[in-house]
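# Structural features, examined
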Amino acid sequence: MKVSLAGLTKSPSKADLFVVGCFKGEKDLKAIKKIDPAFAKVAEAAISKKRFEGKAGETFSSYQAGYRQASEILLIGLGERKDFKPESLRKAVGTMIAAANARKALKVRVFADSFVGGDLPAGEIAKTFTEISFLAAYRFTPYKTRKKDDPPPAPDSVELVTEAKELFPLVRPVMAHAEKVAKAVLFARDLNNEPGNVMNPPRLAQEAKKLAAEKKLKCRVLGLAELKKMGMNGILAVNRGSVTSPALIIMEYGQGYKSNGTVCLVGKGVTFDTGGISIKPSKGMEEMKYDKSGAIAVIATMGLVADLKLPLHIVGLVPAVENNVANDPQRPGDIIRMYNGKTVEVMNTDAEGRLILADALSFCAEYKPAAIIDAATLTGMCHHTFGDKTCGILGTDQKLVDALMEAGQKTGERCWQLPLWDEYGECIKSHHSDLKNVGDGYAGTITAAMFLKEFVPAKTPWVHLDIAGTAYCSQNRFDCQKGATGFGVRLFAEALSNWSSESISAA
Ligand code: BES
Ligand code: ZN
Ligand code: ZN
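Computed from a predicted structure; not experimentally measured.

## So, the sheet that holds strand E17 (residues 435–436)
- Spatially, E12-E13-E17 is the arrangement adopted by the three strands of the open sheet, whose pairing is mixed. Where the open sheet ends on each side, the last strands, each with one partner, are strand E12 (335–337) and E17.
- Judged from the three bridges that link them, E12 and strand E13 (residues 343–345) form a sheet pairing that is antiparallel. In the strand pairing of E13, Ile-336 is matched with Val-344.

Here you go:
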């Protein structure tokens, strides 16, 4: 798909669908009258008969061969002008793509000026149209057998048209940036929607290497032998039940920017989580193919930061395993010595994410990072708490937490903080070892993060994102079909783009 920007012309080549935004209660269609008087008449009649009022999400369309811009024109209600928010615009763009899709309209043209309202500046509008058009039009189809007469996916182009041509130099770079971000999100969705029988740890490592070659990133994959040599026993213990090899994928960008600081991104890469010997119930277990979401958010972000040429040294670390029950799986009660020397009693083999993340977090010390951010589909509890709309965030540095929360507000990938008070650490102490990998059954998202905290290098600002709820959706949404959402890529990119000494507390 292509999203482009052009000047509004009176008699252009015709699109398949022309889209106009309309605020509630604004009957004056002056701009539309200028563009297409015939349509303006129909729209005015519809408004005066209350067939269309401009309520948020409402649509009205009219088809006449004689219309100038396209034979079909679609009005999208934007609600009250004063209430118009980034989220309202995102939804309106989703509505536009759904309408184009339902009509098999390949060529969509949008009167961008009609969406200018509230506090949203032109750049924000162009950015959102670009980003959400790509996200909403995305489908995962490699395993769908196409029939000969299936129409091609629609739309295949979205053209924003405006009378404000003087804004082109401002808006074009914003759109180019948004396209890069959106494509990274789609790349993440593509990898994440792949099932566990395809996207196993070696394949994930291969994808990371391929991306690294394309984007000129450094990429190193530590395999079974190296992990054994290094004593990465958290990663090894979880993968014991799998017949495929584990991996620690390390991607590196911007070594020349070390003086600006190093940020380590760590992502949970469980390519499938059966639960291991503490096996999960079969209902809904297929969703555990998304247990690699954190890993993929990190990998896709590494490609994106290279595209955006961010002036930072960024290291992406992905411990990749399959939590299965074949081979010689770990048993509840096993005690393992982790990479940083601490011992852990494995009370429940389904709490595997924290075991592999622990080793990767400790390993970050090699890079002397200014900050570590991890993303993981870590706890069902987080999914229960926040649903699929909000990501749990916990961390040791309030400035870093705030920076990510702000990035969340800006991108729509919103986060909400939970505490990491010492008292929550009591229940993960073990009788026969230093730690155990589950708490007392309460506050599961917090105790999981308390466990991770034990493995974060000393004095290193760290933030943990529990994306168990936000990584995938079980129903179609305006900007995402059922499946992987690509959550985390926009959040990481925004936080890293705004990186400064203000992003973390002074050491
Ligand atoms: N991958 C799951 C967490 C999860 C659940 C992600 C639902 C997405 C949706 C994780 O490995 C897990 O199984 N956690 C257990 C921990 C428990 C055994 C302490 C959980 O949340 O039940
Ligand atoms: Zn699990
Ligand atoms: Zn898991």
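## Points about the side chain of Thr-349
- Here Thr-349 shows up in the loop between E13 and helix H10 (353–363).
- According to the relative accessible area criterion, Thr-349 is buried, its value standing at 1%.
- From its side chain, Thr-349 meets the backbone nitrogen of Ile-277 in a polar contact 3.1 Å long.
- A polar contact is formed between the side chain of Thr-349 and the backbone nitrogen of Ser-278, at a distance of 2.8 Å.

## Comments concerning the coordination of the zinc ion (ligand 3)
- Coordination of the zinc ion (ligand 3) by the protein is provided by Lys-268 (NZ), Asp-273 (OD), Asp-291 (OD) and Glu-352 (OE), with metal-donor distances spanning 2.0 to 2.4 Å.
- Around the zinc ion (ligand 3) sit six donor atoms; with metal-centred angles ranging over 77 to 173°, the donor geometry is octahedral.
- Sequence spacing of the donors to the zinc ion (ligand 3): K-x4-D-x17-D-x60-E.
- Taken as an interatomic distance, the gap from the zinc ion (ligand 3) to the zinc ion (ligand 2) is 3.2 Å; Asp-273 donates to each of them. Of this pair, Asp-273 sits in strand E10 (residues 269–273) while Asp-291 sits in the loop between E10 and helix H9 (293–308), and the two are 18 residues apart along the sequence. Of the two residues, Asp-273 and Asp-291, neither departs from the other in class, the shared state being buried.

## As for the domain arrangement of the protein chain
- We note that the domain assignment places domain 1 (2–161) and domain 2 (185–500) within the protein chain.
- Counting the surface lost from both domain 1 and domain 2, the interface buries some 1400 Å², and carbon and sulfur atoms represent 59% of this.
- Sorting the residues of domain 1 by area buried against domain 2 places Leu-135, Tyr-138 and Phe-140 first, and these three jointly supply 45% of that buried surface.
- At the surface where domain 1 touches domain 2, the tally comes to one salt bridge.
- Notably, a salt bridge pairs Glu-131 with Arg-490, separated by 2.8 Å at the nearest N-O pair.
- Applying the counting criterion to the domain 1 and domain 2 interface returns six residue pairs in polar contact (both at pLDDT 80 or more).
- Counting only elements with at least two residues in the side of domain 1 that touches domain 2, the list comes to helix H3 (86–103) and helix H4 (122–137).
- Grouping the constituent residues of the side of domain 1 that touches domain 2 by class yields eight nonpolar, one polar and six charged.

## What to know about the sheet that holds strand E5 (residues 107–111)
- The six strands lie next to each other as E1-E6-E5-E2-E4-E3, forming an open sheet whose pairing is mixed. Two strands lie at the open edges of the sheet, namely strand E1 (2–7) and strand E3 (59–63), each paired on one side alone. Pairs of neighbouring strands in the sheet enclose a mean axial angle of 20°, with direction left out of account.
- In this structure, strand E2 (residues 17–22) lies alongside strand E4 (residues 72–77), joined through five bridges in parallel fashion. Paired with Val-19 across the two strands is Leu-74, which belongs to E4.
- Packing against the sheet, H3 makes contact with E2, E3, E4, E5 and strand E6 (157–162), and its axis sits at approximately 150° to E4.

## Comments concerning the coordination of the zinc ion (ligand 2)
- Coordination of the zinc ion (ligand 2) by the protein is provided by Asp-273 (OD), Asp-350 (O), Asp-350 (OD) and Glu-352 (OE), with metal-donor distances spanning 2.0 to 2.2 Å.
- In this structure, the zinc ion (ligand 2) is surrounded by six donor atoms whose angles at the metal cover 70 to 167°, and the resulting shape is irregular.
- Donor residues for the zinc ion (ligand 2), ordered by position in the chain, follow D-x76-D-x1-E.

## A look at the site of ligand 1
- Every one of the 17 residues lining ligand 1 counts as a neighbour, but Lys-280, Asp-291, Asp-350, Glu-352 and Gly-380 are closest to it.
- Within the side chain of Asp-291, one N or O atom sits 2.8 Å away from a nitrogen atom of ligand 1.
- Between ligand 1 and the protein, one listed contact pairs a nitrogen atom with a backbone N or O atom of Leu-378 at 3.5 Å.
- Look at ligand 1: alone it shows 520 Å² of surface, and the protein chains cover 79% of it.
- Residue composition of the shell around ligand 1, grouped by class: five nonpolar, five polar and seven charged.

Criteria and thresholds
- Residues numbered from 1 in each chain as written.
- Chains lettered and ligands numbered in written order.
- Predicted model: local features only at pLDDT ≥ 70, side-chain atom pairs only at ≥ 80, totals over all residues.
- Heavy atoms only, no water.
- Pairing = 2+ DSSP bridges.
- Helix = DSSP H or I, 4+ residues; strand = E, 2+ residues; numbered from the N terminus.
- Buried < 20%, exposed > 50% of the residue type's maximum accessible area, 1.4 Å probe, protein only.
- Polar contact = N/O pair within 3.5 Å; in protein donor to acceptor, adjacent residues only side chain to side chain.
- Donors = N, O, S within 2.8 Å, 3.2 Å for Na, K, Ca; no water.
- Tetrahedral: all angles 85-135°; square planar, octahedral: opposite > 155°, others 65-115°.
- Domains from an automatic or database assignment.
- Buried area = accessible area lost by both parts, 1.4 Å probe.
- Salt bridge = Lys/Arg side-chain N within 4 Å of Asp/Glu carboxyl O.
- Nonpolar A, V, L, I, M, F, W, Y, C, P; charged D, E, K, R; others polar.
- Axes fitted to C-alpha atoms, helices over the stretch in contact; angles between N-to-C directions.
- Contact = heavy atoms within 4.5 Å.
- Near = heavy atom within 4 Å.
- Areas by Shrake-Rupley, 256 points an atom, 1.4 Å probe, with all protein chains shown as cover.

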